[in-house]
Every structure is written in structure tokens, then in C-alpha cells.
Amino acid sequence: QVQLVESGGGLVQPGGSLRLSCAASGSIISFYAVGWYRQAPGKQREVVADIAGDGSTNYADSAKGRFTISRDNAKNTVYLQMNSLKPEDTAVYYCNAKRVTWRGAQDYWGQGTQVTVSS
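Keep in mind the model is a prediction, meaning the values are calculated, not measured.

J.: Go over the overall build of the chain, please, and point to the residues and values.
T.: Across its full length, the chain carries zero helices and 11 strands. Against the 2.2 N^0.38 benchmark of 14 Å for 119 residues, the chain shows a C-alpha radius of gyration of 14 Å, consistent with a compact globule. Projected onto its principal axes, the C-alpha positions of the chain cover 50 × 30 × 25 Å. In the chain, which comprises 119 residues, the proportion classed as buried is 42%. Put simply, of all contacts in the chain between residues at least 6 apart along the chain, 54% involve residues at least 24 apart. When the accessible surface of the chain is split by element, carbon and sulfur atoms take 48% of a total near 6300 Å². Separation of charge centres in the chain, based on 12 positive and 9 negative side chains, amounts to 3 Å.

J.: Can you break down the packing of aromatic side chains residue by residue, with the values?
T.: Under the defined criterion, the tally for this structure stands at three aromatic pairs. Residues tyrosine 32 and tyrosine 108 carry aromatic rings whose centres are separated by 6.2 Å and whose planes lie at 75° to one another, so their mutual orientation is edge-to-face. Taken together, the positions of tyrosine 32 in the loop between strand 3 (18-25) and strand 4 (33-39) and tyrosine 108 in strand 10 (residues 104-109) put the pair 76 residues apart, joining distant regions of the chain. Given a relative accessible area of 12%, tyrosine 108 falls into the buried group. Among the aromatic residues, ring-to-ring pairing joins Tyr37, Tyr94 and Trp109 into one connected group. Above the ring of tyrosine 79, the side-chain terminus of arginine 19 is found at 4.1 Å from the ring centroid. A cation over an aromatic ring shows up here: arginine 45 above the ring of tryptophan 109, its NZ or CZ 4.6 Å from the ring centre.

J.: Residues and numbers for the state of the cysteines, please.
T.: One covalent bond between the sulfur atoms of two cysteine residues makes up a disulfide. A complete count under the given rule lists one disulfide for this structure. Residue pairing for cysteine 22: its cysteine sulfur links by disulfide to cysteine 95, the two sulfurs lying 2.0 Å apart. Handedness here is read from the sign of the S-S torsion; for cysteine 22 and cysteine 95, about -75°, the answer is left-handed. With cysteine 22 in strand 3 and cysteine 95 in strand 9 (residues 91-101), this pair connects stretches of sequence that are 73 residues apart. Exposure remark for cysteine 95: the relative accessible area of 0% places this residue in the buried category.

J.: So, the nonpolar core: which residues are in play, and what are the values?
T.: One finds Leu4, Trp36, Leu80, Met82 and Tyr93 to be the most contacted residues of the largest nonpolar core, which totals 29 residues. Contributions of two or more residues to this core are made by strand 3, strand 4, strand 5 (46-51), strand 7 (67-72), strand 8 (77-82), strand 9 and strand 11 (113-117). With sequence-adjacent residues up to four places away left out, leucine 4 is seen in contact with Cys22, Ala23, Ala24, Ile29, Cys95, Asn96, Ala97, Tyr108, Trp109, Gly110 and Gln111.

J.: Which residues make up the pairing of strand 8, and what are the values?
T.: When you tally the buried positions in strand 8, you get five out of six residues, the bulk of the element. Inspection of the sheet shows strand 3 paired to strand 8 by six bridges, in the antiparallel sense. When the bridges of strand 8 are listed, serine 21 appears paired with tyrosine 79. Here six bridges tie strand 7 to strand 8, and the two strands are oriented antiparallel to one another. Within strand 8, the residue paired with aspartate 72 across the bridge is threonine 77. Linking strand 7 to strand 8, which pair antiparallel, is a turn of four residues; within it asparagine 76 sits at a positive phi near 55°.

About the thresholds
Residues numbered from 1 in each chain as written. Predicted model: local features only at pLDDT ≥ 70, side-chain atom pairs only at ≥ 80, totals over all residues. Heavy atoms only, no water. Helix = DSSP H or I, 4+ residues; strand = E, 2+ residues; numbered from the N terminus. Rg over C-alpha atoms; globule rule 2.2 N^0.38 Å. Buried < 20%, exposed > 50% of the residue type's maximum accessible area, 1.4 Å probe, protein only. Contact = heavy atoms within 4.5 Å. Areas by Shrake-Rupley, 256 points an atom, 1.4 Å probe, with all protein chains shown as cover. Lys, Arg positive; Asp, Glu negative; His and termini not counted. Charge placed at Lys NZ, Arg CZ, Asp CG, Glu CD. Phe/Tyr/Trp six-rings, centres within 6.5 Å; stacked < 30°, edge-to-face > 60°. Lys NZ or Arg CZ within 6 Å of the ring centre and 35° of its normal. Disulfide = S-S within 2.5 Å. Core = buried A, V, L, I, M, F, W, Y, C linked by side-chain atoms within 4.5 Å. Pairing = 2+ DSSP bridges.

Right, dumping it as C-alpha cells:
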């Protein structure tokens with residue numbers, strides 16, 4: 001069982017930056033593929049960025065060039081650095097960890113952290 005706790009959200013002006021953290025407990029985060037997702041009011045949840053166990057990363061087109069996903073194995077934490085924020089980045093951001101083992105698929109979500117980009 002993996003517990004994920006997100007933090008770092010808040011209110012920021014357009015053009016500003018935030019760093020979100022996803023702290024894991026109960027297992028080693030690098031054993032999982034970890035993704036940051038977001039859900040704006042009235043919209044479906046969408047993936048923003050993800051990082052595989054080997055450290056390879058992927059980004060949604062909306063995040064490329066502005067967001068960076070990283071992992072600190074010593075702290076068992078995954079980060080999402082968000083720069084040049086836009087009002088359309090406003091959403092609840094969720095951390096997800098998943099992997100497939102011989103026991104089956106494992107899929108865990110955090111509780112989310114609110115990001116609001118507004119002047």
C-alpha cells in the first residue's frame with residue numbers, strides 16, 4: 001500500500017511559479033511510474049507529466065517548456081515545478097503512482113492540491 005500526500009498548491013499570479021510535492025510512504029516511489037494529473041471544474045482529469053521508474057519523463061503539450069517533473073529518491077518524493085503559470089492551469093492537481101506486478105495492477109492517488117492562477 002502506498003500513501004501519497006501532495007502539497008505546494010496555492011494562489012499565484014499569471015507568470016508566477018509553484019512547486020508541487022508528492023511525498024510517498026509505504027513503499028519506494030521509484031518502484032512506480034508516477035504522474036501528475038489535474039482536474040479543472042467541469043473538465044475531465046488529464047495527465048500533465050509523468051516519470052517512470054528509470055527516470056524517463058513525458059509531458060502533455062500544455063506543460064512542455066513550462067513544467068518539470070523530477071524525483072528525489074532520498075526523500076521518496078516526486079516534484080512538479082511549474083513556471084510561467086497561466087489562468088488555464090487552475091485546477092486541482094493530483095499525484096498518481098502505478099505499477100504492474102505478478103499480483104496485478106497497483107494504482108494509488110493522493111488527495112489533491114489546489115492551484116489557482118489569478119491576478
